[in-house]
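What the coordinates show
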Amino acid sequence: FVKYYLFTYNVLSTIGWAYILIFTVIHVLDLDGKSSSIAYTSPTASFTLGRLFSSIPFLRTTQKINTVGGLEARLHPLLVPFYRRAATTFGRIGIATAWIQSCALLEVLHVLLGWVRSPLQTTAMQVSSRLFLVWGIVEQFESVRSNPLYASMVFAWSLTEVIRYSFYACNLLGYEPYVLLYLRYTTFYVLYPLGASSEAFLIYATLPSTSPIPSWSSWIMGMWKPADYIRATLFLIWWPGLYIMYTYMIKQRRKTLGSGRSLAAKKTD
């Protein structure tokens, strides 16, 4: 039962993240011609939940009009359309991303039940950091939802997860495709810095712009609140965390794939 359940979970997760990946690419490149119809202000997952449970006051959200930042004026004209579409990506896949990422809570349960061998602490940290970005940052700050970095973050997440979940699903069937193995331990070179830096700067975007350096005066004047200091601290520790995980993945790649002749031998096999 556990084997078939985990196989089903990984297949459905692959499909869910593939949906997000495909529509992110379609939206940013405007492959279906519908990107221009997506507004900068779009309903959130909290908003849809509030519609369902409208009697619960704290689940209600208010929407405000947002505009594209001043960075657009500094871009080359050829890049402006991509920038604008990236800034409205949330309107296309924001709600789906929130719910699909929330399903990853089951992975912590899988570890607790002993169904998978992943370390509990590592799994819990990875899942909680993603949920913090989805529910604590994107859902709470409208300016983040119209930030182009949201598109790069979701792109990195979705491509990584499509590879990871499909790899796990194949393992549960008893075979290990070399292509997926190679992609899993190689694409992180680009996707991990892209995703983690996008996450960090989205957190940074939520900090008060009235005082770029927090101090006691900014606290007294009310420019920085306790939650702002917490997010600023998270922004600072995001970078050493990126370094630790990045170097860890490099070591795991060498351990799994090797290099030189061993890598060529595995590919031949």
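- An unreviewed UniProt entry lists the chain under the name Very-long-chain (3R)-3-hydroxyacyl-CoA dehydratase, from Lentinula boryana.
- UniProt, in its Catalytic activity (unreviewed entry) section for the chain, records the words "a very-long-chain (3R)-3-hydroxyacyl-CoA = a very-long-chain (2E)-enoyl-CoA + H2O".
- Listed under Pathway (unreviewed entry) in UniProt, the entry text for the chain is "Lipid metabolism; fatty acid biosynthesis."

**Brief notes about the pattern of salt bridges**
- By the definition in use, this model includes five salt bridges.
- Across the salt bridge formed by Asp 32 and Arg 92, the nearest N and O atoms sit 3.0 Å from each other. Taken together, the residues Asp 32 in the loop between helix H1 (2-29) and helix H2 (45-52) and Arg 92 in helix H4 (residues 89-102) connect sequence positions 60 residues apart.
- In this structure, the salt-bridge partner of Glu 107 is Arg 164, at a minimum N-O distance of 3.5 Å. Highlighted residues: Glu 107 in helix H5 (residues 105-112) and Arg 164 in helix H8 (residues 149-172), separated in sequence by 57 residues.

**Some details on the packing of H1 against helix H3 (residues 80-87)**
- Contact pair H1 / H3: the axes reach a minimum separation of 8 Å and the direction vectors enclose 140°. Considered as vectors, H1 and H3 are oriented oblique to each other. Seen from H1, the contacting residues are His 27, Val 28 and Leu 29; seen from H3, they are Phe 82, Arg 85 and Ala 86.
- Of the residues contributing to the contact of H1 with H3, the split by class is four nonpolar, one polar and one charged.

**Quick notes on H8**
- Counted at 1.5 Å a residue, the expected span for H8 with its 24 residues is 34 Å, and the 35 Å between its end C-alpha atoms agrees.
- Where H8 ends, the next residue or the one after it, Gly 174, has phi of about 100°, a positive value.

**A look at the environment of Leu 75**
- Considering the arrangement of structural elements, one finds Leu 75 in the loop between H2 and H3.
- Leave out the neighbours within four places in its chain, and Leu 75 touches Val 80 and Tyr 83.

**A word on the UniProt feature "transmembrane region" (unreviewed entry) in the chain**
- UniProt's entry tags residues 6-29, 93-116, 188-209 and 229-249 with the feature "transmembrane region" (unreviewed entry), counted in the numbering of this structure.
- Taken end to end, residues 188-209 has its terminal C-alpha atoms 32 Å apart, with 77% of it in helix and 0% in strand.
- The span residues 229-249 is 100% helical and 0% strand by assignment, and the distance between its end C-alpha atoms comes to 30 Å.

**Observations concerning the packing of H1 against H8**
- Between H1 and H8, the least distance of the axes is 8 Å, while the angle of their chain directions is 150°. In this view, H1 runs roughly antiparallel relative to H8, as classed from their interaxial angle. In this structure, the crossing between H1 and H8 has a hand that is left-handed.
- Class assignment of the residues belonging to the contact of H1 with H8 gives a composition of 20 nonpolar, six polar and two charged.

**As for the environment of Ser 152**
- Checked against the element boundaries, Ser 152 lands in helix H8.
- Sequence spacing of Ser 152 and Thr 24 is 128 residues, and the spatial spacing of their C-alpha atoms is 9.1 Å.
- Filtering out sequence-adjacent residues up to four positions away, Ser 152 remains in contact with Leu 194 and Ser 198.
- For Ser 152, the side chain forms a polar contact with the side chain of Ser 198, separated by 2.7 Å.

Thresholds applied
- Residues numbered from 1 in each chain as written.
- Predicted model: local features only at pLDDT ≥ 70, side-chain atom pairs only at ≥ 80, totals over all residues.
- Heavy atoms only, no water.
- UniProt positions renumbered as here; feature names shortened; annotations may be inferred.
- Salt bridge = Lys/Arg side-chain N within 4 Å of Asp/Glu carboxyl O.
- Helix = DSSP H or I, 4+ residues; strand = E, 2+ residues; numbered from the N terminus.
- Axes fitted to C-alpha atoms, helices over the stretch in contact; angles between N-to-C directions.
- Parallel < 35°, antiparallel > 145°, perpendicular 65-115°, else oblique.
- Contact = heavy atoms within 4.5 Å.
- Nonpolar A, V, L, I, M, F, W, Y, C, P; charged D, E, K, R; others polar.
- Expected span 1.5 Å × (residues − 1).
- Left-handed = near helix turned anticlockwise from the far one by under 90°.
- Polar contact = N/O pair within 3.5 Å; in protein donor to acceptor, adjacent residues only side chain to side chain.

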